[in-house]
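Report on the structure
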Amino acid sequence: MKKIMLVFGTRPEAIKMCPLVNELKSRRNAETVVCVTGQHREMLKQVLDVFGVKPDYDLDIMNQGQTLFDVTEKVMRGMSEVISKVEPDVILVHGDTTTTFAAALAAYYMGVPVGHVEAGLRTYDVHSPYPEEFNRQAVGSIADYNFAPTAVARDNLLREGKKPESIFVTGNTAIDALGTTVVEEFSHPDLDWADGSRLVILTAHRRESWGEPLHSIFRGIRRVVEEFPDVKVLYPIHLNPLVRRAADATLTGMDRIRLTEPMDVMVFHNFLARSYMILTDSGGIQEEAPSLGKPVLVLREVTERPEGVAAGTLKVIGTKEENIYREFKALLTDEKLYDSMSRAKNPYGDGLASKRIADILIYGKTKI
């Protein structure tokens, strides 16, 4: 029986790893161990509760004002103890967080094979997104299993010299998660608030946008809302105090822009499904939205998810105020543009990625 440990620590990681946890736990020929780092604390617990996942180990590293140095050191020290105790056959990490990098490096130092879920995403600019691009490239250099969500991601890995037999195109587990979270019957007070309006979901929190870029994003959005009385913007705001200060300084005083605390994943996914469009700097939302038929304006200078851009469901618009204003307004006024983006085919998978990854780990190949 193969002993498989999954390690994650942030809300986005948990959304994409919990479906895989539950798939592996359903397999009789696998022993599944879950270790969370707590890089996000409150937001992580919300996701675990929705998917019914109870960690076997919790490093509980979260401290107010922690730095990348703090997270890296604490994860590596904590992982060395857990790995020594569990002695897993393989350790799975996800994506590009500091938890991902530090846990993979700890596994490498201790001679445990690493499986990288959502492997092969690239911008090839280690400063954008920062530090995520470095993290995923670093993990890719030591991964024994590369679970690429798309053919584009696979090709990136091949160009970097990864062994072809280590790369598996599986689809993205984010699509698997939607099968659990989006429901037909759903109600919420904030949906009542938005009733009769075009509801726009906003998320913005990335480290490279802290400071003036965030203020610029918010100013562009505010201008559009002031111009279109039928538009309401809902912003489940990140817990980071720098993000909150920027939002308070620029978005307060608008009754058609509502800031809320972070939502649990089930509530948030159901809001996405009922929105008119989405403005985001999140990677996961770029993958989820095509399955929901929602156009996405990406509030970043570059994306490592070019498949969505090529498919027509995403448009990268940067962080400058005038660009935000122009592109946001265009989607509200150009019906042909809106229809083309909302009907684009999802390039990120069919909801069976977790089954494929489990098959590969247990049997050496997928049965789907």
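See the structure above.
Attention here is on the structure that accompanies the text. (Residues numbered from 1 in each chain as written. Predicted model: local features only at pLDDT ≥ 70, side-chain atom pairs only at ≥ 80, totals over all residues. Heavy atoms only, no water.)

A short note on the environment of Thr181
Relative to the assigned elements, Thr181 resides in helix 7 (residues 173-181). Note on Thr181: relative accessible area 0%, which makes it buried. Separated by 85 residues in the primary sequence, Thr181 and Met266 have C-alpha atoms spaced 4.7 Å apart. In contact with Thr181, not counting residues within four places along its chain, are Val50, Phe51, Val265, Met266, His269 and Asn270. (Helix = DSSP H or I, 4+ residues; strand = E, 2+ residues; numbered from the N terminus. Buried < 20%, exposed > 50% of the residue type's maximum accessible area, 1.4 Å probe, protein only. Contact = heavy atoms within 4.5 Å.)

Remarks on helix 6 (residues 151-159)
Looking at helix 6, one finds that the buried residues are Ala153, Asn156 and Leu157. Down the axis, helix 6 shows its buried residues gathered within 95 degrees of arc, on one side only. The elements touched by buried residues of helix 6 are strand 6 (145-148), strand 7 (167-169) and helix 13 (306-311). A positive backbone phi angle near 90 degrees is found at Gly161, which sits one or two residues after helix 6. (Arc of directions from axis to C-beta.)

Here we look at the pattern of salt bridges
In the structure shown here, the tally under the stated rule is 31 salt bridges. Taking the shortest distance from any N to any O, the salt bridge between Glu132 and Arg206 comes out at 3.6 Å. Placement of the pair is Glu132 in helix 5 (residues 132-142) and Arg206 in the loop between strand 8 (198-203) and helix 9 (212-227), with a sequence separation of 74 residues. Judged by relative accessible area, which is 18%, Glu132 ranks as buried. A salt bridge links Asp230 to Arg198; its shortest N-O distance comes to 2.8 Å. On the criterion of sequence distance, the pair formed by Asp230 in the loop between helix 9 and strand 9 (231-236) and Arg198 in strand 8 is long-range, its members being 32 residues apart. (Salt bridge = Lys/Arg side-chain N within 4 Å of Asp/Glu carboxyl O.)

Section: the environment of Arg305
Position of Arg305 relative to the elements: it lies in the loop between strand 12 (296-298) and helix 13. Taking C-alpha positions, Arg305 is 7.5 Å from Gln286, a pair spaced 19 residues apart along the chain. With residues up to four places along the chain from it excluded, the contact list for Arg305 reads Lys16, Glu118, Leu121, Gly283, Gly284, Gln286, Glu287, Leu314 and Tyr348. Looking at Arg305, its side chain comes within polar contact range of the side chain of Glu287, at 2.5 Å. (Polar contact = N/O pair within 3.5 Å; in protein donor to acceptor, adjacent residues only side chain to side chain.)

Comments concerning the pairing of strand 5 (residues 114-117)
Side chains Val114 and His116 project from strand 5 onto one buried face, and the interleaved Gly115 and Val117 project onto a second face that is buried too. Pairing between strand 4 (residues 90-94) and strand 5: four bridges, direction parallel. Directly across from Leu92, in strand 5, lies its bridge partner Gly115. Between strand 4 and its parallel partner strand 5, the chain crosses via helix 4 (residues 98-109), and the hand of that crossover is right-handed. Note on the crossover from strand 5 through helix 5 to strand 6: the handedness is right-handed. (Pairing = 2+ DSSP bridges. Right-handed = clockwise from strand over helix to strand, strands pointing away.)

Points about helix 1 (residues 11-25)
With 15 residues, helix 1 extends 20 Å from end C-alpha to end C-alpha; this agrees with the ideal 21 Å at 1.5 Å per step. Residues of helix 1 that are buried include every one of Arg11, Glu13, Ala14, Ile15, Lys16, Met17, Cys18, Pro19, Leu20, Val21, Glu23 and Leu24, and no others. (Expected span 1.5 Å × (residues − 1).)

Some remarks on the sheet that holds strand 3 (residues 57-58)
Overall, parallel pairing links the seven strands, which are arranged 3-2-1-4-5-6-7 in an open sheet. In the strand order of this sheet, the two ends are held by strand 3 and strand 7, each with one partner. Here helix 1 sits on the sheet and contacts strand 1 (2-8), strand 2 (30-36), strand 4 and strand 5; the angle it forms with strand 1, its principal contact strand, is near 165 degrees. Together, strand 4, strand 5 and strand 6 form the strand contacts of helix 5, whose direction differs from that of strand 5 by roughly 140 degrees. (Axes fitted to C-alpha atoms, helices over the stretch in contact; angles between N-to-C directions.)

Notes on the pairing of strand 11 (residues 277-280)
What you see with strand 11 is no split at all: Met277 and Leu279 on one side and Ile278 and Thr280 on the other are buried throughout. Across four bridges, strand 8 lies against strand 11 in parallel orientation. In the strand pairing of strand 11, Leu202 is matched with Leu279. As judged from the three bridges shared by strand 11 and strand 12, these two strands associate in the parallel manner. By the bridge assignment, Ile278 is partnered in strand 12 with Val296. Viewed along the sheet, the connection from strand 11 through helix 12 (residues 283-292) into strand 12 turns out right-handed.

What is shown is where atoms sit, not what they do.
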